[in-house]
Amino acid sequence: MGDPQYPLFSKDGDITIGALFPVHSIETLPSFEFKQKPQLLSCSSVYLRDFRLAQIMIFAIEEINRSESLLANVSIGYRIHDTCGSRLSTMSATMGLMNGQELVPGHKCNGQAPLHAIIGESESSATVILSRTTGPFKIPVISHSASCECLSNRKDYPSFFRTMASDYYQSTALAYIVKHFGWSWVGAVNSDNEFGNYGMAIFLKIAKEEGICVEYSVKFYRTESEKLQKVVDTIRKSTAKVIVAFVSLPEMGLLADQLSIQNITGLQMIGVKSWITVRSLITPNSFPVLGGSLGFAMRKIDVKGFADYVLKEFWKTAFPCSQSNGNYSQYALSCSRYEDLLLLKNYNEDVPEQRYVSYVYKAVYAVAHSLHSLLKCKEQEGCEKGLTIQPLQLVEALKMVNFTIKTGDRVWFDSTGGAVAQYEVVNWQQDSDGSIIFKSVGYYDASLPPDQRFKLNTETIIWAGGQKPRSVCSKSCPPGTRKAAQNGRPVCCYDCIPCAEGEISNETDSNNCKQCPREYWSNVEKNKCMLKTVEFLSFTEVMGVVLVFFSVFGVGLTAMVAILFYSKKDTPIVKANNSELSFLLLFSLSLCFLCSLTFIGRPTEWSCMLRHTAFGITFVLCISCVLGKTIVVLMAFKATLPGSNVMKWFGPTQQRLSVLAFTLVQVLICVLWLTLSPPFPHKNMKYYKENIILQCSLGSTVGFWAVLGYIGILAVLCFILAFLARTLPDNFNEAKFITFSMLIFCAVWITFIPAYVSSPGKFTVAVEIFAILASSFSLLFCIFAPKCYVILFKPEQNTKQHMMGKTTSKSC
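Everything numeric in this text was worked out from a predicted model, so none of it was measured. (Residues numbered from 1 in each chain as written. Predicted model: local features only at pLDDT ≥ 70, side-chain atom pairs only at ≥ 80, totals over all residues. Heavy atoms only, no water.)

Trainee: Just give me the short version of the overall build of the protein, but keep the residues and values in it.
Mentor: The helix and strand tally for the protein stands at 22 helices and 27 strands. Taken across its 812 residues, the protein has 51% of its residues classed as buried. Partitioning the intrachain contacts of the protein with sequence separation of at least 6 by distance along the chain shows that 70% fall at a separation of at least 24. Of the roughly 38,100 Å² of accessible surface on the protein, a fraction of 58% belongs to carbon and sulfur atoms. (Helix = DSSP H or I, 4+ residues; strand = E, 2+ residues; numbered from the N terminus. Buried < 20%, exposed > 50% of the residue type's maximum accessible area, 1.4 Å probe, protein only. Contact = heavy atoms within 4.5 Å. Areas by Shrake-Rupley, 256 points an atom, 1.4 Å probe, with all protein chains shown as cover.)

What follows is the structure, encoded as structure tokens:
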């Protein structure tokens, strides 16, 4: 473009290191009318941070040149170019560095490279331009702040190094901090350049893996005002309260201004190293927008002696316009070009806040240590100055450097040319005097074990809006519910669905409900599995107490009848009703009442076997006695006929044997049942899902129904015989009462079958007990009540004549 590109600061030396810094931030383009020779690009508005970087580079070189141990007899020169924060100027400055001095007639090439290494650039985009331009010449480029992950590609950038880590670690740390605070719904804004695009792509990938949803992801570049406006509109309409701003400093300044103009405040900004500690962003209008911001910054490392240097030595030795006799005239420099820099001559208050100076300092020393090894420097003898050092040799030497600078930090490069990631977590806070400070509230150190890398002191954080924001798409699902994704929306947007019966979730935001174990059931809140209620008919509950009462009452009533009959055993009515069978019947009825008690209480192996067999045997004994009484009645009636001799065939012995035979058959059935497949306790979990019915399983249903069937056969036979004897004389009404008792007995057990099958849980047992008690009471009342009535209230009818029907009085 005409005149050569001259450095802003320069010094000759045996070895030359170049540098590119955007010392100015505004570039003014000349006229391109092609009517005259194009003028040089002009820059204005000093960017203080990178001006300090130029100063620290010169400071480090002067320090090395004074060293007696490092490059003792070799001097390092420098050529520092200003890129004005422009890609166009970066390209121009890069070419100026590589071209060296103007070609002088008679100048001979000595084989030494005019430039051995380049420090810079500050931005990733500019560094990409620099590295791609210098790449074919193998000139090592060492950046202090270009952190784009794209530069880690050794195939594309084989000679690139940096004294800081790539943005992969910063993006990872951003995802960690968002997850740490439980923010699952965030917005994302990035610069539309290599730094922003690569960094945001890594963050979005890791955020997705960590379950963080991004409501929107928008980007813009500093020259795109329309895109910036769209970004602001998106932020205003969004519901996310947290914004991850992976932007460069110029874009952040523009974004903060627009948010302030449109009064969009109270949003929690999560920032990156490019802007989180830059004081130029602090304005009266920006703090309502950026106050409380959290972000990652480079570690602040104090380089001893630098603060004094920027006030004294720099202006004496390195700044051309401060000298009375300078050599800058050969470069046709005009001191008007440095007028804005002279304003900073007596200012160094910002030096303690500068976080990148130590990284430039490390870069310069990395080059020096590499040259020290290549020039075979020895402590007493110095270096071999005659050796020709090519840039490629320096690239290989840089890969091997490993040293510690005076600040105590170790300098080395990994396989990608980067350094270990070490960040401070800073928080924008307002001090007691109203000034804005960047308070350190934690750190991220990738050199530590995974569980120790990230640490935060949340108690010292000041939040945007005054309190910690809650940024979620949907409220957390409490224990007892599960998340159900909303159709067409990110996974962080969901509905909370209560767990089904028998399922629980004991964690917040559970994706699924867990089935309770077989013997457990969910509580009302569905957040805990409880042991199912074991249900059985117990002695303590109302139903159990009532049934026990009637059972005991039946036994007592039977005993009273037995006592009454025993006391009146010599009376005609007792003798006429076969007193031996009557007492045996009363005894069996007592057993029937008592066997109902075996059905109450917790079922056990022995109680299950006892209840069914005792019930079957006692009832057969009872029905056998009734059947015996019925046969006796019939035989007695037949015996009154002329020539009949039937009573000798069914006398007392035969009656006892018949009862014994009928009972033994039932005993045999019960023995077979207990031997082959006996009843046993069983936990029924099918009928009620929330309860366990503790019941007696029948074992063999055939055995159970055989026992009931045999009882039924005897009852029907007894009923038929009693029905046939209904025509006996009116005063001898035994057959009528037996008929009526058998009718009730059969009716009870016929209705028992469907009730037993359909009754749930403990009601099954209650139905069976009711059938036992009802049939027992029917036998007791129908057979013995009329006789007791005569004995107690009609003693005049308790005579032999009345029993033979020789009186005219009627029995009840």
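Trainee: Report on the sheet that holds strand β2 (residues 15-21), specifying residues and quantitative values.
Mentor: Within the open sheet, the six strands sit side by side as β1-β5-β2-β6-β7-β8. Their pairing is mixed. On the outer flanks of this sheet lie β1 (9-11) and β8 (160-162), each paired with one strand and no other. In this sheet, adjacent strand axes meet at a mean angle of 25° when their direction is disregarded. Inspection of the sheet shows β2 paired to strand β6 (residues 117-119) by three bridges, in the parallel sense. In the strand pairing of β6, Ile17 is matched with Ala117. (Pairing = 2+ DSSP bridges. Axes fitted to C-alpha atoms, helices over the stretch in contact; angles between N-to-C directions.)

Trainee: An account of helix α7 (residues 249-261) is requested, with residue identities and associated values reported.
Mentor: The end-to-end C-alpha distance of α7 is 18 Å, a good match for the 18 Å that 13 residues give at a rise of 1.5 Å each. Every buried residue of α7 is accounted for by Leu249, Glu251, Met252, Gly253, Leu255, Ala256 and Leu259. The inward-facing, buried residues of α7 abut β9 (185-191), β10 (213-220), α6 (225-237), β11 (242-246), β12 (268-271) and α8 (287-290). Phi turns positive, to about 55°, at Asn263, one or two residues after α7. (Expected span 1.5 Å × (residues − 1).)

Trainee: Pulling in residues and values, what's your account of helix α16 (residues 579-595)?
Mentor: Since the α-helix turns once every 3.6 residues, residues separated by three or four places project in the same direction. With 17 residues, α16 should reach 24 Å at 1.5 Å per residue; the first-to-last C-alpha distance of 24 Å fits that figure. When α16 is considered as a whole, its buried residues turn out to be Leu581, Ser582, Leu585, Leu586, Ser588, Leu589, Ser590, Cys592, Phe593 and Cys595.

Trainee: Can you explain the nonpolar core? Please cite residues and give values.
Mentor: Core analysis: the biggest nonpolar cluster contains 133 residues, and Phe9, Met57 and Trp275 have the highest contact counts within it. Top element by residues in this core is helix α12 (residues 357-374). It accounts for 12 residues. Setting aside residues no more than four positions away along its own chain, Trp275 makes contact with Ala245, Val247, Leu249, Met252, Met269, Ile270, Leu281, Leu290, Ser293 and Trp428. Core analysis: the second largest hydrophobic core is formed by 66 residues, Trp673, Phe745, Val748 and Ile791 among them. (Core = buried A, V, L, I, M, F, W, Y, C linked by side-chain atoms within 4.5 Å.)

Trainee: Which residues make up the pattern of salt bridges, and what are the values?
Mentor: Two side chains of opposite charge can pair, provided their charged atoms sit close to one another. For the structure on display, the rule yields 19 salt bridges. In this structure, Lys179 engages Glu210 in a salt bridge whose closest nitrogen and oxygen atoms are separated by 2.6 Å. Of the two residues, Lys179 sits in helix α4 (residues 167-180) while Glu210 sits in the loop between α5 (194-209) and β10, which places them 31 residues apart along the sequence. Its relative accessible area of 44% is what places Lys179 among the partly exposed residues. Glu251 is paired through a salt bridge with Arg222; the nearest N and O atoms lie 3.0 Å apart. Taken together, the residues span a long stretch of sequence, with Glu251 in helix α7 and Arg222 in the loop between β10 and α6 at a distance of 29 residues. Accessibility assignment for this pair places Glu251 and Arg222 in one class, buried. One connected set of salt bridges, linked through shared partners, spans Asp192, Lys219, Glu224 and Lys227. (Salt bridge = Lys/Arg side-chain N within 4 Å of Asp/Glu carboxyl O.)

Trainee: Which residues make up the sheet that holds strand β16 (residues 422-430), and what values go with them?
Mentor: The eight strands lie next to each other as β10-β9-β11-β12-β13-β16-β17-β18, forming an open sheet whose pairing is mixed. The outermost strands of the open sheet, each flanked by one partner alone, are β10 and β18 (454-456). Taking each pair of neighbouring strands and ignoring which way they run, the sheet shows an average axis angle of 30°. Pairing between β9 and β10: seven bridges, direction parallel. Looking at the pairing, Val186 lines up with Val214 of β10. In this fold α6 packs onto β9, β10 and β11, with an angle of close to 160° to the strand it touches most, β10.

Trainee: Can you explain the side chain of Ser124? Please cite residues and give values.
Mentor: Within the fold, Ser124 resides in helix α3 (residues 124-134). Setting aside residues no more than four positions away along its own chain, Ser124 makes contact with Ala146, Ser147, Cys148 and Phe195.

Trainee: Account for the state of the cysteines, naming residues and giving values.
Mentor: Counted by the stated rule, this structure contains nine disulfides. Shown here is the disulfide that connects Cys499 with Cys513, its sulfur atoms set 2.0 Å apart. In this structure, the disulfide formed by Cys499 and Cys513 twists by about -80° around the S-S bond and is classed as left-handed. Of the two residues, Cys499 is situated in the loop between β20 (494-498) and β21 (503-504) and Cys513 in the loop between β21 and β22 (514-515); the sequence distance between them amounts to 14 residues. On the basis of relative accessible area, Cys499 is assigned to the buried category, the value being 4%. Covalently, Cys516 is tied to Cys529 through a disulfide, its sulfur atoms 2.0 Å apart. Handedness of the Cys516-Cys529 disulfide follows from its S-S torsion of about -90°: it is left-handed. Of this pair, Cys516 sits in the loop between β22 and β23 (520-522) while Cys529 sits in strand β24 (residues 529-531), and the two are 13 residues apart along the sequence. Look at Cys516 and you get buried, because its relative accessible area is 7%. Between Cys592, a free cysteine, and Cys622, which holds the nearest cysteine sulfur, the sulfur-to-sulfur gap is 4.7 Å. Left without a disulfide partner, Cys625 is nearest to the cysteine sulfur of Cys622, which lies 6.7 Å away. The class for Cys625 is buried, based on a relative accessible area of 0%. (Disulfide = S-S within 2.5 Å.)

No statement about biological role is implied by the geometric values presented.
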